[in-house]
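Close look at the chain arrangement
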Amino acid sequence: MTEHSESELAEIAARLALSVGRLNRRIRASSALTPGQVSALATIVRCGPIRPGDVARIENVAAPTVTRLLADLENRALVTRSADPDDGRSFFVEGTAAGAEAIDQARAERAERVLAVFEELDADQIDRIAAALDALDIAAGLTRE
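Predicted model, so just to flag it, every value in this text is computed and none were measured. (Residues numbered from 1 in each chain as written. Predicted model: local features only at pLDDT ≥ 70, side-chain atom pairs only at ≥ 80, totals over all residues. Heavy atoms only, no water.)

This part takes up the overall build of the chain. Looking only at helices and strands, the chain has 6 helices and 2 strands in total. The secondary structure elements of the chain, listed N-terminal to C-terminal, are α-α-α-α-β-β-α-α. In terms of overall size, the chain is more extended than a compact globule, its C-alpha atoms giving a radius of gyration of 18 Å where 145 residues would be expected to give roughly 15 Å. On the principal axes, the C-alpha backbone points of the chain span a range of 55 × 35 × 25 Å. When the 145 residues of the chain are sorted by exposure, 22% land in the buried category. (Helix = DSSP H or I, 4+ residues; strand = E, 2+ residues; numbered from the N terminus. Rg over C-alpha atoms; globule rule 2.2 N^0.38 Å. Buried < 20%, exposed > 50% of the residue type's maximum accessible area, 1.4 Å probe, protein only.)

Structure below.
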């Protein structure tokens, strides 16, 4: 790995933040779910049954935010809750079949939008994006080295 000065790192960080933010807005699915709902639901589907506090930790949001998200998702029949047998004050949430389908649909819509973005790029640019995916996955907390 090459060494970078603090100012170079700051410039890379600023460009990455801007690019990721704009790209995310371009590819955001136009579903009935908000991006926060999609993200929380994906965590629940992937990790469930799961406690709300664990959803909050994984999603890096406050407990009241998760409470609202879970209520919305439960009202849409995308998650169900069940009592925690070890703690009567707590519960678990788990994705329903409709919840898993909603995540699959949101991912497919986003992938289609990314493919549309790829149409604006040449093969070398796509190769460079592909080469950066492992590092981006680690930075996003999706995988560990």
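That covers the picture; the talk isn't over yet.
Glancing now at unusual backbone geometry. A cis geometry characterises the amide bond from Gly48 onward to Pro49, with omega recorded as -5°. The backbone of Asn60 sits at a positive phi, close to 60°, despite the residue not being glycine. Looking at the secondary structure, you find Asn60 in the loop between α3 (52-59) and α4 (63-75). In this structure Asn60 comes out as exposed when scored by relative accessible area, which is 69%. Of note in this structure, Ala77 is not a glycine but carries a positive phi near 60°. When you line up the elements, Ala77 lands in the loop between α4 and β1 (79-84).

Before going further, it helps to examine the pattern of salt bridges. The final tally for this structure, using the stated rule, is 6 salt bridges. Between Arg51 and Asp84 there is a salt bridge, with its nearest N and O atoms 2.6 Å apart. Here the residue Arg51 occupies a position in the loop between α2 (35-47) and α3, and Asp84 occupies one in strand β1, the gap between them amounting to 33 residues. Taking relative accessible area as the criterion, Arg51 reaches 32% and is therefore assigned partly exposed. Judged by its relative accessible area of 4%, Asp84 falls in the buried class. In this structure, Glu74 and Arg81 form a salt bridge, with 3.0 Å as the shortest nitrogen-oxygen distance. Assessed through its relative accessible area of 30%, Glu74 is described here as partly exposed. (Salt bridge = Lys/Arg side-chain N within 4 Å of Asp/Glu carboxyl O.)

Looking now at a nonpolar patch on the surface. Among the surface-exposed residues, Leu16, Val20, Ile129, Leu133 and Leu136 lie close enough to one another that they form a single nonpolar patch of about 390 Å² accessible area. The element contributing the most residues to the nonpolar patch is helix α6 (residues 123-139), with 3 residues. If you trace the backbone, Leu16 turns up in helix α1 (residues 6-27). (Patch = residues over 30% accessible without salt bridge, like charges linked within 9 Å, V, L, I, M, F, W, Y side chains within 5 Å. Areas by Shrake-Rupley, 256 points an atom, 1.4 Å probe, with all protein chains shown as cover.)

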